[in-house]
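# Working through the structure, step by step
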Amino acid sequence: MKIHSVATERLLLHPLSVGEAERVVAREPGDGDLWGEGYPGDGDVRAGTGFLRGVAERGDPGAFRLYEIRLRETGVSIGGIGFHGPPDELGVATIGYGLTPGARGRGYATEALRALVGIARQAGAEGMKGDADLGNPASHRVMEAAGMRRVAEDEKLVHYYLGF
């Protein structure tokens, strides 16, 4: 199954292949990779490792994969966004995202998350969930701006959900 990039006004969500994810995990860009300063970050490496483990265990996840967030104008990678794997038994997909420090505060995460909502809907998910540290109000605003609602809070995290 060929998974296509998704364009937004300013971004391109590029579906990572296994080879690209291996380069992210190794932090070794290949020919043609345009990585912004600070990419890949620790979160990108963890997400890439999880993606590769999921592919090895369950096969290609189709649309429910990891995407590189690229600036549409230049093609430079400024972060990652994606799913922690296919939807659970209720049809709910868990999401995560992160941007390089220099790309934060410009609305890119919200723009990318709104596009990811569209990907999940088109791929047949029943909903999405995510969480953010209590002390990360910027991430709270991103999920709320993308239509997710706060559904729970514990001693460390705020949990968000969006049903389709």
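Above this text you will find the structure in question.
We now turn to the structure provided with this report. (Residues numbered from 1 in each chain as written. Predicted model: local features only at pLDDT ≥ 70, side-chain atom pairs only at ≥ 80, totals over all residues. Heavy atoms only, no water.)

## Some thoughts on helix 2 (residues 42–58)
Helix length check: helix 2 (17 residues) gives 24 Å between terminal C-alpha atoms against 24 Å at 1.5 Å per residue, within 8%. On its buried side, helix 2 packs onto helix 1 (18–26), strand 3 (66–71) and strand 4 (77–83). Positive backbone phi, approximately 90°, marks G59, located one or two places after helix 2. (Helix = DSSP H or I, 4+ residues; strand = E, 2+ residues; numbered from the N terminus. Expected span 1.5 Å × (residues − 1). Contact = heavy atoms within 4.5 Å.)

## Let's talk about a negative patch on the surface
On the surface, D131, D133, D154 and E155 cluster together into a negatively charged patch. Inspection of the secondary structure puts D133 in strand 6 (residues 127–133). (Patch = residues over 30% accessible without salt bridge, like charges linked within 9 Å, V, L, I, M, F, W, Y side chains within 5 Å. Areas by Shrake-Rupley, 256 points an atom, 1.4 Å probe, with all protein chains shown as cover. Salt bridge = Lys/Arg side-chain N within 4 Å of Asp/Glu carboxyl O. Lys, Arg positive; Asp, Glu negative; His and termini not counted. Charge placed at Lys NZ, Arg CZ, Asp CG, Glu CD.)

## Considerations on the pairing of strand 7 (residues 149–153)
The pairing of strand 7 with strand 8 (residues 157–163) spans four bridges and is antiparallel. Counterpart to R149 in the pairing with strand 8 is Y161. Hairpin connection between strand 7 and strand 8: a loop of three residues separates the two successive antiparallel strands. (Pairing = 2+ DSSP bridges.)

## Quick look at the pairing of strand 5 (residues 92–99)
Strand direction decides the pairing type here: strand 4 and strand 5, joined by five bridges, are antiparallel. Note that in strand 5 the partner of G82 across the bridge is G96. With three bridges joining them, strand 5 and strand 6 adopt parallel strand pairing. When the bridges of strand 6 are listed, A93 appears paired with M128. In this fold, the crossover linking strand 5 to strand 6 by way of helix 3 (residues 108–122) has right-handed handedness. (Right-handed = clockwise from strand over helix to strand, strands pointing away.)

## Describing helix 4 (residues 137–145)
Along helix 4, the residues classified as buried are S139, H140, V142 and M143. For helix 4, the angular spread of buried residues about the axis comes to 160°, placing them on one side. Just downstream of helix 4, G147 is the residue with a positive phi angle, here 100°. (Buried < 20%, exposed > 50% of the residue type's maximum accessible area, 1.4 Å probe, protein only. Arc of directions from axis to C-beta.)

## Re unusual backbone geometry
Trans peptide bonds make up most of the peptide bonds, and negative phi angles are found at most residues other than glycine. In this structure, the amide linkage connecting Y39 to the following residue, P40, adopts the cis form with an omega of -5°. Summarising the element assignment, P40 is placed in the loop between helix 1 and helix 2. Despite not being glycine, R27 has its phi angle at roughly 55°, a positive value. With respect to the helices and strands, the residue R27 is situated in the loop between helix 1 and helix 2. R27 sits in the partly exposed class, given a relative accessible area of 40%.

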